[in-house]
Amino acid sequence: MINMITIFAMASERSGTKYLAELFKYNIKNCVSKHEPFLFDMFGKPIYWYQQNEVEKIRRRFKLKKLIIDSYRADVYVETSHAFLKSFADVAMEFYPDMKLIHVLRNPLENAKSQFNRPVWVGEPEQQSYRNPIFTYRGNDKKMYLKWTLTGKEQIFQETEGPLNRYQKLLLQWIELENRSMNLLQKYNKYRDCYTLVMPRDFNDEKKIRDMLSSFNLTLNKNDIFMNVDRNTAKSPTLVTDEEYYQLYDLITRVPNKYLNIFRDPPYTQCDWAKLLVKH
């Protein structure tokens, strides 16, 4: 059995995960690097099962995914899919307890706006034009959900006061996933196995990328790191308006403090936008 190094990303959608997967693909020796695997991607129903606490269903699905991962017989397996936090992080930890983690941070205003522009939504779509069966599934409640997002039934959505528009739901999803990241690190004491990257700043810093790869004891294909890899670029620029700053401010006044306390501490305090997520 090959002693394979497994690396998963703790990241939201539209956070540079495609670029990150390509960096490993082109730079690391004997490495299988996936952005969003075609088979057993763990989107859709596993996200629904997670909020329903139907762990055994997730575990059965992940066992099939594990067969594929192990079949590569690579030195390194990397997966940068945002499904990790949304559905299978805890189950993956059962089978790969020595895994390494990359925590990717992007300004939540930009992250939500990039998703908003696609368009992406959380919960049952309000517009009929979004109800494309290729991109959606029906939960046990017979409602329709987008395959790649949270359901909107998670506790954080229930505990946040007042109505939420589509942009605010995407912001709240980002907050929920960051809480899951911090909970995962604490629950499994994975702090030493986690490397944090701030997007886009660190993605363009070869020294930072080299330090990350070195921290995981990975072998480079060449001495030089190839940085000019494919990026999953947006069709239109991600421009955050004053109105969206107001939408975040309004949201933060209504989110329970227990979901915001993490932003008072590292790694978030290295980001200027973290202060926008703390009540004053």
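1. Observations regarding the overall build of the protein chain
Alright, step 1. Counting its regular elements, the protein chain contains nine helices and seven strands.
Alright, step 2. The C-alpha radius of gyration computed for the protein chain amounts to 18 Å, which stays within 12% of the reference 19 Å derived for 280 residues, consistent with globular compactness.
Alright, step 3. Principal axes of the C-alpha set define a box for the protein chain whose edges measure 50 × 40 × 35 Å.
Alright, step 4. Counting across all 280 residues of the protein chain, residues that qualify as buried make up 52%.

2. Points about the packing of aromatic side chains
Alright, step 1. Applying the stated rule across the entire model yields 18 aromatic pairs.
Alright, step 2. Ring geometry for Y19 and F203: centres 5.5 Å apart, planes at 25°, overall stacked. Of this pair, Y19 sits in helix α1 (residues 17-27) while F203 is found in the loop between β7 (194-199) and α8 (206-215), placing the two residues 184 residues apart along the sequence.
Alright, step 3. On the basis of an interplanar angle of 85° and a centroid distance of 6.4 Å, the ring pair of Y48 and Y137 is categorised as edge-to-face. Here Y48, found in helix α2 (residues 45-51), pairs with Y137, found in strand β5 (residues 136-138); they are 89 residues apart in sequence, far enough to count as distant.

3. Here's the deal with the environment of A9
Alright, step 1. You can see A9 is positioned in strand β1 (residues 5-10).
Alright, step 2. On a C-alpha basis, the gap between A9 and F84 in space is 7.2 Å, while along the polypeptide they are 75 residues apart.

4. Considering helix α7 (residues 166-188)
Alright, step 1. In this model α7 runs 33 Å from its N-terminal to its C-terminal C-alpha over 23 residues, within 8% of the 33 Å that 1.5 Å per residue would give.
Alright, step 2. Counting buried positions over the 23 residues of α7 gives 17, a clear majority of the element.
Alright, step 3. The residue sitting at the N-terminus of α7 and contributing the capping side-chain oxygen is N165; that oxygen lies 3.2 Å from the backbone nitrogen of Y167.
Alright, step 4. At the C-terminal side of α7, N189 shows a positive phi close to 50°.

5. Observations concerning the packing of helix α4 (residues 83-95) against α7
Alright, step 1. Where α4 contacts α7, the two axes come as close as 10 Å, and the packing angle between them is 10°. Considering their axes alone, α4 and α7 lie roughly parallel with respect to each other. Listed contacts from α7 to F84, L85, K86, A89, D90 and M93 of α4 are Q173, L177, R180, S181, L184, K187 and Y188.
Alright, step 2. When its residues are assigned to classes, the contact of α4 with α7 shows seven nonpolar, two polar and four charged.

6. Overview of the sheet that holds strand β3 (residues 76-79)
Picture the strands of a sheet paired through backbone hydrogen bonds; they go either parallel or antiparallel.
Alright, step 1. In spatial order, the strands read β2-β3-β1-β4-β7; together these five strands make up an open sheet with parallel pairing. The open sheet terminates on both sides in strands that have one partner only, identified here as β2 (31-34) and β7. Pairwise comparison of adjacent strand axes, ignoring direction, gives a mean angle of 15° for this sheet.
Alright, step 2. Two strands pair when backbone bridges link them, and strand β4 (residues 100-106) and β7 are joined in this way by six bridges, in the parallel orientation. In the strand pairing of β7, H103 is matched with T196.
Alright, step 3. Sheet strands touched by α7: β1, β4 and β7. Its angle to β4, the strand with the most contacts, is close to 150°.

7. Side note on unusual backbone geometry
Alright, step 1. Note that the residue after M199, namely P200, is joined by a cis bond; omega there is 5°.
Alright, step 2. Structurally, P200 is set in the loop between β7 and α8.
Alright, step 3. Looking along the chain, the bond that leaves P266 and enters P267 is cis, with omega of 5°.
Alright, step 4. Relative to the assigned elements, P267 resides in the segment after α9 (242-252).
Alright, step 5. Phi at R14 is positive, roughly 65°, even though this residue is not glycine.
Alright, step 6. By the secondary structure assignment, R14 is in the loop between β1 and α1.
Alright, step 7. Owing to a relative accessible area of 11%, R14 belongs among the buried residues under this scheme.
Alright, step 8. Of note, M42 is a non-glycine position whose phi angle comes to about 70°, a positive value.
Alright, step 9. For M42, the position within the fold is in the loop between β2 and α2.

8. A word on the environment of D193
Alright, step 1. Relative to the assigned elements, D193 resides in the loop between α7 and β7.
Alright, step 2. As for D193 and I102, which are separated by 91 residues in sequence, their C-alpha atoms are 8.5 Å apart.
Alright, step 3. Apart from residues no more than four positions distant in its own chain, D193 is found in contact with M99, K100, L101 and F216.

Calculation criteria
Residues numbered from 1 in each chain as written. Predicted model: local features only at pLDDT ≥ 70, side-chain atom pairs only at ≥ 80, totals over all residues. Heavy atoms only, no water. Helix = DSSP H or I, 4+ residues; strand = E, 2+ residues; numbered from the N terminus. Rg over C-alpha atoms; globule rule 2.2 N^0.38 Å. Buried < 20%, exposed > 50% of the residue type's maximum accessible area, 1.4 Å probe, protein only. Phe/Tyr/Trp six-rings, centres within 6.5 Å; stacked < 30°, edge-to-face > 60°. Expected span 1.5 Å × (residues − 1). Polar contact = N/O pair within 3.5 Å; in protein donor to acceptor, adjacent residues only side chain to side chain. Axes fitted to C-alpha atoms, helices over the stretch in contact; angles between N-to-C directions. Parallel < 35°, antiparallel > 145°, perpendicular 65-115°, else oblique. Contact = heavy atoms within 4.5 Å. Nonpolar A, V, L, I, M, F, W, Y, C, P; charged D, E, K, R; others polar. Pairing = 2+ DSSP bridges.

Geometric descriptors of this kind do not, in isolation, establish any biological role.
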